[in-house]
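Notes for the structure review
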Amino acid sequence: MIYFLEDDNNIRNFVIYALKNTGLDTEGFDHPEKFWDAMKKKKPDLLLLDIMLPGEDGISILKKIRSDSSTKEMPVIMLTAKGTEYDKVVGLDSGADDYLPKPFSMKELLARIRAMTRRQTDTTDNVLTFGDIALNRSTYQLTGPENPEGIRLAGKEYQMLEMLMSNPGQVISPDLFMDKIWGYDSEAEQNVVWVYISYLRKKLTSIGSQVKIRAARGLGYSLEKDNA
């Protein structure tokens, strides 16, 4: 089940129609109060969330979701007209798994939903480790020397780091990141890979890790232990 909280009737109805036509059970809400009432009865598998809403803004709603133990792992994609780099950083830092500015194409939205709802099937190696960091595949928690409790990664941050940790020392090209995470039909540009690499570098630093994401000019990125 997907919930979509959006006060613009035209956008909400169009997205719901398109998602249902692809077989995705979707329910829409035009006001936060209606959304919270529905949350008391049933939690969705994924939430599509606008920022500018009547009564309560999307960032406030997102922070409540992340602070509640029953919903803190719920995947959330922000769909909003606030599309500046600063707005994206605020949304991702507040706990969004992905951020798609309006106007957006349904093909890209569907690609991001597929990537977000794709679950790990390998239960024998639920926690990946490399150097002084550990990544929990179930909770998206990244732990390091200065933060043993961990920080939760957004969806694409998790997917990129999971790829890097599964192939330590190997250079992964931006094309491969785009293929595996955003999908062939995505309209996202390759510079988005650099943006997420930047986010991951900051989070590795914030947990006190000596692990580094190295850039190989013209080739891609690799995960390395800092021997300095």
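Everything here concerns the structure above.
Residues numbered from 1 in each chain as written. Predicted model: local features only at pLDDT ≥ 70, side-chain atom pairs only at ≥ 80, totals over all residues. Heavy atoms only, no water.

Quick notes on the pairing of strand E1 (residues 2-5)
The criterion, for reference: Between buried and exposed lies partly exposed: a residue is buried under 20% and exposed over 50% of the maximum accessible area for its type, with that area taken using a 1.4 Å probe on protein chains only. For the purposes of this entry, the term helix denotes a DSSP run of H or I that reaches at least four residues, the term strand denotes a run of E that reaches at least two, and both are numbered from the N terminus. Strands are labelled as partners when DSSP assigns at least two bridges between them. Crossovers are described as right-handed under a simple rule: with the strands pointing away from the observer, the path leading from the first strand over the helix to the second runs clockwise.
Of the two faces of E1, the one carrying Ile2 and Phe4 and the one carrying Tyr3 and Leu5 are both buried. Sheet topology note: the E1/strand E2 (residues 26-29) ladder contains four bridges and is parallel. Residue leucine 5 lies in a different strand from E2, and its bridge partner there is phenylalanine 29. In this region the chain leaves E1, passes through helix H1 (residues 9-21) and returns to the parallel neighbour E2; the handedness of that crossover is right-handed. Looking at chain direction, E1 and strand E3 (residues 46-49) are connected through four bridges and run parallel. Looking across to E3, one finds that phenylalanine 4 is bridged to leucine 48.

Section: the sheet that holds strand E4 (residues 76-80)
Backbone-to-backbone hydrogen bonds join strands into a sheet, with any given pair of strands oriented parallel or antiparallel. Going by this rule: Helix axes are fitted only over the stretch in contact, all axes being lines through C-alpha atoms; the angle between N-to-C directions runs from 0 to 180 degrees. Contacts are assigned to residue pairs with any non-hydrogen atoms lying within 4.5 Å of each other.
Strand order across the open sheet formed by five strands is E2-E1-E3-E4-E5, with parallel pairing between neighbours. Because the sheet does not close on itself, it has two edges, and the strands there are E2 and strand E5 (98-101). Averaged over all pairs of adjacent strands, the angle between strand axes in this sheet comes to 20°, irrespective of strand direction. Bridge analysis of E4 against E5 gives four bridges, and the strand direction is parallel. Looking at the pairing, methionine 78 lines up with tyrosine 99 of E5. The strands that helix H5 (residues 106-117) touches are E1, E3, E4 and E5; relative to E5, the one it contacts most, it runs at about 175°.

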